[in-house]
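Chain by chain, the residues run as shown.
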Amino acid sequence: MEIRLAQLDDKKAILSIIKNVVIDMSSQGIDQWDQIYPNEEVVTEDILDGEVFVASENTVIKGVVTLNEYQDEEYETIPWKYNGDKILVIHRLCVDPKFQGAGIATKLLNFAEQFGKQNNYSAIRLDSFTENKGACRLYEKHGYEKRGFVTFRKGDFICFEKNYKTHKEIL
């Protein structure tokens, strides 16, 4: 499994994964994403900004994550514990449903944490849809602490945070 920076020619595969994830989540009663978000414009902008990473194997893209410093204004209401100069934010971490259960989400999460550590971020943040129990469990299992809730168009999201200085070294 290779995790690498996404290129524009990866966009079609990334959008296909997102579409498959939307269908899969919907079949489980998780109304988190749709045709409005995340969309082609968001994905294109993230790729052009050099913020999208893909997990691929034998040229097949199996998972995606966006890493940057952007925090929605709703994050201002959260009582964050760590307020360093540089905060990394995880967005849109997803794995194509046909490859789920193989540890790809964990690999992407570990990659994000290593990326943050290598680039001198003091903490990492993200939000997860409250109804997406699997994603919430993933973050808690990896030492992310709940800090509060925000509401976006689709409902309530849990905000998570992890400080590099207070957790075991990332492998």
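Going by the structure above, here's the rest.
Residues numbered from 1 in each chain as written. Predicted model: local features only at pLDDT ≥ 70, side-chain atom pairs only at ≥ 80, totals over all residues. Heavy atoms only, no water.

Before going further, it helps to examine the sheet that holds strand β3 (residues 60-68). Read across the open sheet, the seven strands follow the order β1-β2-β3-β4-β5-β7-β6; overall the sheet is mixed. The two strands at the open ends of the sheet, each matched to only one other strand, are β1 (2-5) and β6 (145-152). With direction set aside, neighbouring strand axes in the sheet form an average angle of 30°. Bridge count between β3 and strand β4 (residues 87-95): five bridges; the pairing is antiparallel. Counted as the bridge partner of N68 is V89 from β4. (Pairing = 2+ DSSP bridges. Helix = DSSP H or I, 4+ residues; strand = E, 2+ residues; numbered from the N terminus. Axes fitted to C-alpha atoms, helices over the stretch in contact; angles between N-to-C directions.)

To continue, consider the packing of helix α1 (residues 11-27) against helix α2 (residues 40-48). With their axes 10 Å apart at the nearest point, α1 and α2 run at an angle of 135° to one another. Here α1 lies oblique to α2, going by the angle between them. With respect to the hand of their crossing, α1 and α2 are arranged in right-handed fashion. Here K11, I14, L15 and I18 of α1 come into contact with α2, specifically with E40, V43, T44 and I47. Of the residues belonging to the contact of α1 with α2, the class tally is five nonpolar, one polar and two charged. (Parallel < 35°, antiparallel > 145°, perpendicular 65-115°, else oblique. Left-handed = near helix turned anticlockwise from the far one by under 90°. Contact = heavy atoms within 4.5 Å. Nonpolar A, V, L, I, M, F, W, Y, C, P; charged D, E, K, R; others polar.)

Once that is clear, we can look at the packing of aromatic side chains. If you walk through the whole model with that rule in mind, you get eight aromatic pairs. Centroid distance Y139 to F160: 5.8 Å. Interplanar angle 50°. Geometry classified as tilted. Of this pair, Y139 sits in helix α4 (residues 133-141) while F160 is found in strand β7 (residues 155-163), placing the two residues 21 residues apart along the sequence. Residue class for Y139 comes out buried when judged on its relative accessible area of 6%. Under the relative-accessibility criterion, F160 is labelled buried at 0%. Its guanidinium or amino end placed over the ring of Y121, K86 lies 4.5 Å from that ring's centre, counting from NZ or CZ. (Phe/Tyr/Trp six-rings, centres within 6.5 Å; stacked < 30°, edge-to-face > 60°. Buried < 20%, exposed > 50% of the residue type's maximum accessible area, 1.4 Å probe, protein only. Lys NZ or Arg CZ within 6 Å of the ring centre and 35° of its normal.)

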